[in-house]
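Tertiary structure, described
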Amino acid sequence: MKRALIALVVAANLAVVDAVVKEFAAARLKGAAAVSVIPGLFNLAYVENRGCAWGLLQGHVWPLAAFGVLALGFLLWKRKSVFGLPGSRLGAVAEPLLYAGVVGNLVDRVFRGHVIDMFDFHWKTSHFPCFNVADAFICTAVGLLLLASLVEKPSRPSVERAEG
């Protein structure tokens, strides 16, 4: 129970970080030209995404919000098996990141009707879709869970043999 509470407290703090960065983007970047941070590679820009990853499902804000609520409920319900707890250190790090990412984008969808994205990477003619802090949390968590599935041994319950 203590570990779950720690994960939720960390997730709440990370979700606040996401909200602060989005508020900063809305206040400073909305209506302005993109700001070049690393010329030819990285800009800060203001994008209102009314869809999901890579701009898919544009205009389906409420179904995406409902999916976010269901996903969060599933993660909380099956947290031990999803994150490989208690044995997975990578899962323990991924858990609050995933919660924070889902909550961060869910809050935007419910209260703004869109998700604010601001990190804009490009290279020559290639352009990566704009994303935000919550998206980075989600992708990092998924990467950690994939890595955990490859390098960590699943924890097995101890079996005691009756001697007789």
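Summary of the structure given here. Fair warning: this is a prediction, and the values are worked out from it, not measured in the lab.

Reading the values: rules and limits
Residues numbered from 1 in each chain as written. Predicted model: local features only at pLDDT ≥ 70, side-chain atom pairs only at ≥ 80, totals over all residues. Heavy atoms only, no water. Helix = DSSP H or I, 4+ residues; strand = E, 2+ residues; numbered from the N terminus. Buried < 20%, exposed > 50% of the residue type's maximum accessible area, 1.4 Å probe, protein only. Contact = heavy atoms within 4.5 Å. Areas by Shrake-Rupley, 256 points an atom, 1.4 Å probe, with all protein chains shown as cover. Lys, Arg positive; Asp, Glu negative; His and termini not counted. Charge placed at Lys NZ, Arg CZ, Asp CG, Glu CD. Expected span 1.5 Å × (residues − 1). Polar contact = N/O pair within 3.5 Å; in protein donor to acceptor, adjacent residues only side chain to side chain. Core = buried A, V, L, I, M, F, W, Y, C linked by side-chain atoms within 4.5 Å.

So, on to the overall build of the protein chain. The number of helices and strands found in the protein chain is five helices and four strands. When the helices and strands of the protein chain are placed in sequence order, the string is α-β-β-α-α-α-β-β-α. With respect to the principal axes defined by its C-alpha atoms, the protein chain has extents near 80 × 35 × 25 Å. Taking all 164 residues of the protein chain together, the buried fraction comes to 37%. Taking contacts inside the protein chain between residues at least 6 apart in sequence as the whole, the part at least 24 apart equals 64%. Of the roughly 10600 Å² that the protein chain leaves accessible, carbon and sulfur atoms contribute 69%. With 16 positive and 11 negative side-chain charges, the protein chain shows a separation of 4 Å between the mean positions of the two kinds.

Here the focus is helix α4 (residues 89-112). With 24 residues, α4 should cover 34 Å at 1.5 Å per step; its first-to-last C-alpha distance of 35 Å lies within 8% of that length. For α4, the capping residue at the N-terminal end is S88, with a side-chain oxygen 2.7 Å from the backbone nitrogen of G91. Within two residues after α4, G113 carries a phi angle of roughly 85°, on the positive side.

Within the secondary structure layout, G91 lies in helix α4. Taking the C-alpha atoms as reference, G91 lies 5.9 Å from L145; in sequence the two are 54 residues apart. Apart from the residues lying within four places of it in its own chain, the contact partners of G91 are F83, L85 and L145.

This part is about the nonpolar core. Counting residues in each nonpolar core, the largest one holds 27 residues, and the members touching the most others are F83, A94, L98, Y99, M118 and F119. Broken down by secondary-structure element, the contributors of at least two residues to this core are α1 (2-28), β2 (42-49), α2 (61-77), α4, β3 (115-123) and α5 (133-151). A total of seven residues in this core trace back to one element, the largest contributor, which is α4. Among residues more than four places away in sequence, those in contact with M118 are V21, K22, A25, L29, N43, L44, A45, C130, F131, N132 and V133.

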